[in-house]
Amino acid sequence: FKQFRGARYWDDVLQIMAEQNGLRLMQLVESIESLGKHHRLYIFRKLIDLVAFDMDSMVTLAVLIDKHLTTETRFNYRQELITWLLEILSTNRNRLMDLMQLLLSHPATLTQFLISMQTSELLKLRGLVDSLDSLDDPKLQRLKDRFLILCRVLAFSSNNYLRFFSQAVMTRPELVTHID
């Protein structure tokens, strides 16, 4: 894993967006919303392209959108981000591996992201990971197995369980890293 200056930059930007209960994120979205529909989508996709520098930033942005935007607005932007991400993951094995690695480096954020996904999206993601050929490295194979277990648990659990699980993972992220 290499650390790039750009990754640190986006960590800082996303932290600022999260401060004051997501005030800056809401202001950014209000600015985007003031544009015409065509420009709105174009600008949001450009933002995604910039944040796509590393998977951690993409997942963090998705979690911030889910947490701080209103239901109506959040769905549009969250859905656009998830759709874009699933397209990238379906064509780029390395990006899919990067997402799986978040299970080790950012388990709570990854879990929040996965919980925010619809069941159909989770099952599609699970299918993408499951389609990875047998991994040569036993550690990567174990990571893949744990990721598949997490996706299965989240896809087929009740809302009450997901709420409880989410709270538990926020205080004890190791629950996810040792889910098997």
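The model shown is predicted, which means the values in this text are computed figures rather than measured ones.

Q: Which residues make up the packing of aromatic side chains, and what are the values?
A: For the structure on display, the rule yields two aromatic pairs. On the basis of an interplanar angle of 65° and a centroid distance of 4.7 Å, the ring pair of Phe44 and Tyr77 is categorised as edge-to-face. With Phe44 in helix H2 (residues 37–51) and Tyr77 in helix H4 (residues 71–91), the pair connects residues that are 33 residues apart, well separated along the chain. Across the pair, Tyr77 and Phe44 agree in class, each one buried. Each ring, one from Tyr161 and one from Phe165, has its centre 5.7 Å from the other, and the planes form 20°; the classification is stacked. On the criterion of helical spacing, the pair formed by Tyr161 and Phe165 is a turn pair, its members being four residues apart in helix H9 (residues 159–171). Its relative accessible area of 35% is what places Tyr161 among the partly exposed residues.

Scoring rules and cut-offs
Residue positions are given per chain, counted from 1 along the sequence in the order it is written. The model is predicted, so local features are restricted to residues of pLDDT at least 70 and side-chain atom pairs to those at 80 or more, both for listing and for counting; the totals for chains, interfaces and linings are taken over all residues. Hydrogens are left out, water is left out, and the side-chain values use all remaining heavy atoms of the structure. For Phe, Tyr and Trp, rings pair up if their centres lie within 6.5 Å, where Trp contributes its six-membered ring, and each pair is then called stacked (planes under 30 degrees apart), edge-to-face (over 60) or tilted (otherwise). The helix count covers DSSP runs of H or I at least four residues long, the strand count covers runs of E at least two residues long, and both are numbered beginning at the N terminus. For each residue, the accessible area found with a 1.4 Å probe, counting protein chains only, is set against the maximum for its type, and the residue is called buried under 20%, exposed over 50%, and partly exposed in between.

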